[in-house]
Amino acid sequence: MKTNTNIIKMIITLICLTASFACSHGVMASGASRESIPDRDTIMAIKEKMLATSDSSYLFWFGYDAELRDSDPHAYWLMNRMMQTVQSVRTAEDGIAWVLALDENVLEYSRRIDRRIYEDRAEDAAARAIEDLIDIYAAGNQPELNTYAYVTSILETYKVINEYKRTMSIHMDKSPLSVLLYNEYREWFNINNAASGIMSFHTYAAAGYSAMPMEINLTFAYWSEQRHKELLVEKDTFWKYHWEPFESDCRNVSQKRFLKLIRYFRSLTIDTIVKTNAKDWNLKKSEYAYDRLDGNFDFDKISEMARLYEEAYCNWLTAREEIARLLPKEQGRSYREATRQMNARLYTDLLELKNITY
């Protein structure tokens, strides 16, 4: 079994070609502007740096568990590689480099267990092996539960970015569509990052209970899992033959309504937080809420995360519409339906972050 070098070259080429789109005041821009993006040597350097990461650069809870390691040493090694290398992921480009590095680790994992199967199946089988291994912690104590949630969130992230890689590979020879597919991936990544920031700096900023890390990571895992499912539906629309039309069954969420929700987080104060989360409290409980919550929130950081979310969201809508326009009419319609479905899901996910936990 050998690495699919054509896909890797295509992904790296996309990074060199990608254009970004601007959106201001809630109106999608009609033009595109270029931004600073890494060249091929840079992305390969990131990948090689990740591959060179030591197995002990970072310590995780499972690192002290010899029983877990001995239950499946090879899956344990691969899980540790995944967790070590993800620490370097900050941008969408890092995410691609991370997946490409992990794909090489998967090849080594397959070699260690003497398994020779098609590359995509090898990646899926390796992910299942990690799932089976860490599932031991799903019924453990709180530190084990927190570790289970953390590993699961990272594994789901790998699976969805890997699916993006597979989706982009369908149009290796069609640069305009390939570039837009990469744009859509990048903006999804940025939306997820910004939502994660809102969750950390707002939703859980005042929380201090032991299950908090588990809840945060399972939420992030859910976002990635849902995007993975959406991608499997979307990918079907990119095939020329034998594709199935998709029609959304969700409510329509307008861009104006979505932007209003995003901007709620851009103008937060302690008064807004108490009012939003304590509507049914009496005065005494409201006073307690002020005493308990005041000083826990960095409103500048929350506002910055919301600004980044808005920017990525507008860019994402533009990229999605451009993709739909490049597809044949009926496939474009299905893709717009998929956009409507995902848009509603993103709105619901962000709406849930309004309610703080403490």
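What you are looking at is a predicted structure, and each value in this text was computed from that prediction instead of being measured. (Residues numbered from 1 in each chain as written. Predicted model: local features only at pLDDT ≥ 70, side-chain atom pairs only at ≥ 80, totals over all residues. Heavy atoms only, no water.)

Engineer: Go over the pattern of salt bridges with me, naming the residues and quoting the values.
Structural biologist: If you walk through the whole model with that rule in mind, you get 31 salt bridges. The partner of D103 in a salt bridge is K165, and the shortest N-O contact between them spans 2.6 Å. Of this pair, D103 sits in helix α5 (residues 92–112) while K165 sits in helix α7 (residues 142–169), placing them 62 residues apart in sequence. Grouping residues by exposure puts D103 and K165 together as buried. The partner of E321 in a salt bridge is R336, and the shortest N-O contact between them spans 2.8 Å. With E321 in helix α13 (residues 299–326) and R336 in helix α14 (residues 329–352), this residue pair connects regions lying 15 residues apart in the sequence. (Salt bridge = Lys/Arg side-chain N within 4 Å of Asp/Glu carboxyl O. Helix = DSSP H or I, 4+ residues; strand = E, 2+ residues; numbered from the N terminus. Buried < 20%, exposed > 50% of the residue type's maximum accessible area, 1.4 Å probe, protein only.)

Engineer: Let's hear about the side chain of H228: which residues, and what values?
Structural biologist: Here H228 is to be found in helix α9 (residues 212–236). The class for H228 is buried, based on a relative accessible area of 17%. Aside from chain neighbours lying at most four places away, what touches H228 is K159, V160 and E163. (Contact = heavy atoms within 4.5 Å.)

Engineer: Pulling in residues and values, what's your account of the environment of E184?
Structural biologist: For E184, the position within the fold is in helix α8 (residues 175–203). E184 sits in the buried class, given a relative accessible area of 2%. Among residues more than four places away in sequence, those in contact with E184 are Y164, R227, W316, A319, R320, I323, Y335 and M342.

Engineer: Describe the packing of helix α4 (residues 73–86) against α5, and please don't skip the residues or the numbers.
Structural biologist: Contact geometry of α4 with α5 gives a least axis separation of 10 Å together with a crossing angle of 165 degrees. Here α4 lies roughly antiparallel to α5, going by the angle between them. Crossing geometry of α4 relative to α5 is assigned as right-handed. Judged by residue contacts, H74, A75, W77, L78, R81, M82, T85 and V86 of α4 engage W98, L102, N105, V106, E108, Y109 and R112 from α5. (Axes fitted to C-alpha atoms, helices over the stretch in contact; angles between N-to-C directions. Parallel < 35°, antiparallel > 145°, perpendicular 65-115°, else oblique. Left-handed = near helix turned anticlockwise from the far one by under 90°.)

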